[in-house]
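Spelled out from the first residue to the last, the chains are:
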Amino acid sequence: MKIKTVSYKGSKRKLLHMILDYAKEIESKTAFDGFSGTGIVSAHLRSNGIVISANDLNYSSYIYGRVFLEGFNEDVVKHHVQAMNKLDPLSGWLTENYSGTVNRFVRGTGARADRPLGLVAFNAMKLDAAREYIDSLTDIEEKDRNALIFSAVLGLNSVFNNPTDQKSAFKEWSKASLKEISFGSPTLIEGPQGTQHRGDIFEVKTEKVDFVYYDPPYTHGVLYGSCYHLNDSVAFWDKPTVNKEYAIPRPERAVFRGKKPGSFYSKVSAPDDFRRLLGLREAKRTVLSYSDAPRNCISIEDLTDISKEFGTARVENVHHKICTQYNSQNKISNSLKEYFIIIDK
């Protein structure tokens, strides 16, 4: 089954079979996905009969997780998605802040130039109309509203002028960004009902499970709250004031200049952060994901040594391609080694 979700740095779509195998090896019935992100790991494990609890700090990820773990009424969502596709365009918050081009200084050139803000005007207006429509619905269950919000975010991602993050846009409009936006229903996952949480991993309280999967952030400068801030804004739909000093304007919640980085983002604190993380839950097996990418705040060797403090640890790896740029940018893709640290009690 193809699970529709947003694009994310470090996506585990191609590695889902391995994560499921690690859970099956211990005959896992329950699992915790601690940094759920796109929700794809939670969705895959649920579709294979495992009861999932999951957590993520970002609000948009909370929405994806609830849709994947709680489900929705297909007929209701399909009806409203069809209505969203027929709406007249509406100029609103997205159109005002994220459509067309802006003349700005381009980093590294010392010159000004016109650059896309992320969305062509027509698509921004269709998104404004769709998101206002969702907010206008009063007689609808929360799980169905969440599915419609997810649909709007998926639509945004399909036409945003950068498929990898929302901190910047390509200097020319991509073919995908020029296509007319179309909304569709999210993937409905069959399986036992799960629970999605939203909070700091060190504070969230969850039920005991026998399998834990962690894919935490540990790469300096890759702050997911800024990488996918527009997903969060479409999910919240609070229409905040934005800081236009950035290539793609950001609300204050996505501005991190001058602020202390969170857990796992500092080379000084990362070892102790991982010790705290691995000491949180008494699961039969814990699996840590690690990508051997530049700017990591901790090495695979150090992380493996720390893991051995919490049980019997083994390391497995798989090679795949770093896919961070469109082919049209002529960037070289390098081989990336993905590690799994399997810790058994």
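Predicted model, so just to flag it, every value in this text is computed and none were measured.

Caption draft 1: A look at the overall build of the protein. Within the protein one finds twelve helices and eleven strands. Over its C-alpha atoms the protein spans a radius of gyration of 20 Å, differing by no more than 12% from the 20 Å that the globule rule assigns to 345 residues. By principal-axis analysis of the C-alpha atoms, the protein measures approximately 55 × 50 × 35 Å. Counting only residues that meet the buried cut, the protein has 53% of its 345 residues in that class. Expressed as a percentage of contacts within the protein between residues at least 6 apart in sequence, the contacts between residues at least 24 apart total 76%. Carbon and sulfur atoms form 49% of the exposed surface of the protein, whose accessible area is close to 16,300 Å². In the protein, which carries 47 positive and 42 negative side-chain charges, the distance between the mean positions of the two groups comes to 5 Å.

Caption draft 2: Representation of the pattern of salt bridges within the structure. Counted by the stated rule, this structure contains 16 salt bridges. A salt bridge links Arg 314 to Glu 25; its shortest N-O distance comes to 3.3 Å. With Arg 314 in strand S10 (residues 312-321) and Glu 25 in helix H1 (residues 16-25), this residue pair connects regions lying 289 residues apart in the sequence. Of the residues examined, Glu 25 reaches a relative accessible area of 47% and is grouped as partly exposed. For Arg 314, the salt bridge identified is with Asp 344, shortest N-O distance 3.9 Å. In this pair, Arg 314 sits in strand S10 while Asp 344 sits in strand S11 (residues 335-344), placing the two residues 30 residues apart along the sequence. Each of Glu 25, Arg 285, Arg 314, Glu 316 and Asp 344 takes part in salt bridges that share partners, so that together they form one network.

Caption draft 3: Quick look at unusual backbone geometry. A positive phi angle, close to 55°, is found at Glu 27, a residue other than glycine. By secondary structure assignment, the location of Glu 27 is in the loop between H1 and strand S1 (30-33). In the Ramachandran plot, Trp 237 falls in the positive-phi region, its phi being about 55° despite a non-glycine side chain. Locating Trp 237 in the fold gives a position in the loop between helix H10 (229-236) and strand S7 (242-243). Taking relative accessible area as the criterion, Trp 237 reaches 6% and is therefore assigned buried.

Caption draft 4: Quick look at the environment of Ala 23. Mapping Ala 23 onto the fold places it in helix H1. Sequence-wise, Ala 23 and Ile 140 are 117 residues apart; in three dimensions their C-alpha atoms are separated by 36 Å.

Caption draft 5: Here's a closer look at the nonpolar core. Core analysis: the biggest nonpolar cluster contains 69 residues, and Phe 211 and Phe 340 have the highest contact counts within it. No other element matches helix H7 (residues 142-159), which puts nine residues into this core. Contact partners of Phe 340, with chain neighbours within four places excluded, come to Leu 15, Met 18, Ile 19, Tyr 22, Tyr 213, Val 287, Leu 288, Ser 289, Arg 314, Val 315 and Glu 316. With 27 residues, the next largest nonpolar core counts Ile 201, Ala 283, Leu 288 and Leu 303 among its residues.

Caption draft 6: Quick look at the state of the cysteines. Per the stated rule, a full pass over the model turns up zero disulfides. With no disulfide of its own, Cys 227 lies closest to Cys 297 among cysteine sulfurs, the gap being 14 Å. On the accessibility criterion, Cys 227 (0% relative accessible area) is buried. Judged by its relative accessible area of 6%, Cys 297 is buried.

Caption draft 7: How the structure looks around the pairing of strand S3 (residues 101-106). As paired strands, S3 and strand S4 (residues 111-116) are joined by six bridges and run antiparallel to one another. When the bridges of S4 are listed, Asn 103 appears paired with Asp 114. Connecting the antiparallel pair S3 and S4 is a turn made up of four residues, with Gly 108 showing a positive phi of about 90°.

Caption draft 8: Expanded view of the confidence of the model for the protein. Here the protein shows a mean pLDDT of 92. Residues at 70 or above account for 94%. Note on residues 321-333: pLDDT under 50 across the span, and 13 contacts to partners over four residues away in sequence or across chains.

Caption draft 9: The arrangement of helix H4 (residues 74-86) in detail. For H4, spanning 13 residues, the distance from its first C-alpha to its last is 19 Å, which sits close to the expected 18 Å at 1.5 Å a residue. Of all the positions in H4, only Val 77, His 80, Val 81 and Met 84 are classed as buried. The arc enclosing the buried residues of H4, seen along the axis, measures out at 105°, which places them on a common side. In this structure, H4 carries Asp 75 and Lys 86 as exposed residues pointing more than 90 degrees from its buried face. Check the buried side of H4 and you find it contacts helix H6 (121-136) and H7.

Caption draft 10: Looking closely at the packing of helix H3 (residues 59-70) against H10. Interhelical geometry of H3 versus H10 gives an angle of 65° and a closest axis separation of 7 Å. Taken together, H3 and H10 sit at an angle that is classed as roughly perpendicular. Between H3 and H10, the residues in contact are Tyr 59, Ser 60, Ile 63 and Tyr 64 and Asn 231, Asp 232, Ala 235 and Phe 236, respectively. Class assignment of the residues belonging to the contact of H3 with H10 gives a composition of five nonpolar, two polar and one charged.

What counts, and where the lines are drawn
- Residues numbered from 1 in each chain as written.
- Predicted model: local features only at pLDDT ≥ 70, side-chain atom pairs only at ≥ 80, totals over all residues.
- Heavy atoms only, no water.
- Helix = DSSP H or I, 4+ residues; strand = E, 2+ residues; numbered from the N terminus.
- Rg over C-alpha atoms; globule rule 2.2 N^0.38 Å.
- Buried < 20%, exposed > 50% of the residue type's maximum accessible area, 1.4 Å probe, protein only.
- Contact = heavy atoms within 4.5 Å.
- Areas by Shrake-Rupley, 256 points an atom, 1.4 Å probe, with all protein chains shown as cover.
- Lys, Arg positive; Asp, Glu negative; His and termini not counted.
- Charge placed at Lys NZ, Arg CZ, Asp CG, Glu CD.
- Salt bridge = Lys/Arg side-chain N within 4 Å of Asp/Glu carboxyl O.
- Core = buried A, V, L, I, M, F, W, Y, C linked by side-chain atoms within 4.5 Å.
- Disulfide = S-S within 2.5 Å.
- Pairing = 2+ DSSP bridges.
- pLDDT = per-residue confidence, 0-100.
- Expected span 1.5 Å × (residues − 1).
- Arc of directions from axis to C-beta.
- Axes fitted to C-alpha atoms, helices over the stretch in contact; angles between N-to-C directions.
- Parallel < 35°, antiparallel > 145°, perpendicular 65-115°, else oblique.
- Nonpolar A, V, L, I, M, F, W, Y, C, P; charged D, E, K, R; others polar.

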